[in-house]
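Observations on the three-dimensional arrangement
The chain contents come next:
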Amino acid sequence: MKIRSAKVIVTCPGRNLVTLKIETDQGVYGIGDATLNGREKSVVSYLEDHIIPTLIGKDPQRIEDIWQYLYRGAYWRRGPIGMTAIAAVDVALWDIKAKLAGMPLYQLLGGKSREKVMVYSHATGLDIESCLEEVRKHVALGYKAVRVQCGIPGIPTTYGVSKEAGKPYEPADSALPAEHVWSSEKYLNHVPELFAAVRNEFGEDLHILHDVHHRLTPIQAARLGKEVEKFHLFWLEDCTPVENQSSYELIRKHTTTPLAIGEVFNSLSDCQELIQKQLIDYIRATITHAGGITNVRRIADFASIYHVKTGFHGATDLSPICMGAALHFDTWVPNFGIQEHMPHTKETDLVFPHAYEFKDGFFTPGDVPGHGVDIDEELAAKYPYKPAYLPVNRLEDGTLWNW
């Protein structure tokens with residue numbers, strides 16, 4: 001069996017999504033997610049100009065060898081663009097291999113470690129009361145875990161919060177990056193009140209998660225983690241930028257609040273110190289951005305030695321292909337923690353028909369051969385690419401803030 005062709009499909013049925021389709025000379029094909037939010041066309045070029053020409057004629061069943069070839073052969077290792085492109089190839093090849101085996105992907109990985117996958121979704125509000133209303137809606141849908149975010153008094157717009165009450169949260173909604181105002185002091189003074197209100201209404205059984213979006217210094221993050229310990233958060237996510245991994249040592253000394261990070265990571269090197277020193281509790285690296293199933297499996301295996309669990313990123317800037325592959329991985333991986341779930345638009349679900357299903361706060365990946373997600377190319381062509389970027393944050397004095 002040989003790889004006969006490969007092509008890139010770009011579509012925007014809600015968010016810009018990039019898909020790699022690899023076809024074999026025996027008619028079996030696989031698809032992988034190559035979406036890198038705000039830099040989609042960079043990955044398209046990397047695939048079309050540098051990777052696809054090297055794939056033609058290769059044996060698609062030699063997944064490990066192809067992964068090593070693409071990672072080591074380029075000389076320029078790691079980085080979000082290259083690792084996203086490699087991930088797309090990797091997931092497509094695993095899709096092909098599972099289809100050839102006639103089994104769902106989780107079986108090929110080693111079989112089930114659990115019957116269903118717990119997920120969390122996002123509840124946001126302009127203020128605490130409107131956020132509580134969104135939490136109520138999610139609890140009514142069956143979610144056992146909810147990420148809660150709300151607006152900050154005195155701040156006109158807050159990244160991570162919907163701009164209108166009751167509307168889905170969508171951060172990348174402008175052709176150029178929007179500029180938001182940020183105040184760490186106002187945030188730190190306000191956000192504990194949000195967790196107190198959630199616990200007061202929903203008790204201890206609901207898992208509460210919260211994302212800081214890298215906007216605090218390490219000592220500020222330590223303060224927050226310490227102050228919210230009594231609310232027993234499932235995790236506090238991305239509480240400070242992690243280019244300096246040792247900064248999490250300071251945070252760890254001051255709080256027992258579980259810490260999660262890693263949606264921007266693309267290799268084990270990005271999180272090795274954090275995991276080895278047990279400075280985090282959940283690793284958020286995604287299959288799409290961290291080199292595919294082959295590489296994320298290495299990260300998860302390493303993390304398991306140090307009691308660190310998985311908590312994959314699952315926002316709408318990742319396609320249903322990534323969600324399908326992640327759910328198969330979640331079903332297998334022994335040290336699973338939780339899976340993020342932001343519902344895609346109805347249009348997106350039609351472009352990417354899938355076997356995975358949601359029920360009462362949990363997902364199952366389905367039992368069709370492969371990762372269970374396909375693409376309707378004719379429908380995808382009706383939604384052309386649209387430039388869209390995440391916002392940037394400035395302090396109240398105009399300083400561009402690191403997040």
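The rules behind each value
Residues numbered from 1 in each chain as written. Predicted model: local features only at pLDDT ≥ 70, side-chain atom pairs only at ≥ 80, totals over all residues. Heavy atoms only, no water. Axes fitted to C-alpha atoms, helices over the stretch in contact; angles between N-to-C directions. Helix = DSSP H or I, 4+ residues; strand = E, 2+ residues; numbered from the N terminus. Left-handed = near helix turned anticlockwise from the far one by under 90°. Contact = heavy atoms within 4.5 Å. Nonpolar A, V, L, I, M, F, W, Y, C, P; charged D, E, K, R; others polar. Pairing = 2+ DSSP bridges. Expected span 1.5 Å × (residues − 1). Buried < 20%, exposed > 50% of the residue type's maximum accessible area, 1.4 Å probe, protein only.

**Digging into the packing of helix H10 (residues 292–305) against helix H11 (residues 320–332)**
Contact geometry for H10 and H11: axes closest at 12 Å, N-to-C directions at 35 degrees. In this structure, H10 crosses over H11, and the sense of that crossing is right-handed. Between H10 and H11, the contacting residues are Ile293, Val296, Arg297, Ala300 and Asp301 on the first element and Ala325, Phe329 and Trp332 on the second. Of the residues contributing to the contact of H10 with H11, the split by class is six nonpolar, no polar and two charged.

**Concerning the sheet that holds strand S2 (residues 17–24)**
Hydrogen bonding along the main chain pairs the strands of a sheet, whether they run parallel or antiparallel. Strand order in the open sheet made by the three strands is S1-S2-S3, with antiparallel pairing throughout. Each end of this open sheet is capped by a strand with a single partner; those strands are strand S1 (3–11) and strand S3 (29–33). Going across the sheet, the axis of each strand differs from the next one's by a mean of 20 degrees, ignoring polarity. Alignment of S2 against S3, held across five bridges, turns out to be antiparallel. Opposite Glu23, over in S3, you have Tyr29 as the bridge partner.

**Thoughts on H10**
For H10, spanning 14 residues, the distance from its first C-alpha to its last is 21 Å, which sits close to the expected 20 Å at 1.5 Å a residue. Among all positions in H10, only Gly292, Ile293, Thr294, Asn295, Val296, Ile299, Ala300, Phe302 and Ala303 are buried. Looking one or two residues past H10, His307 carries a phi angle of roughly 65 degrees, positive in sign.

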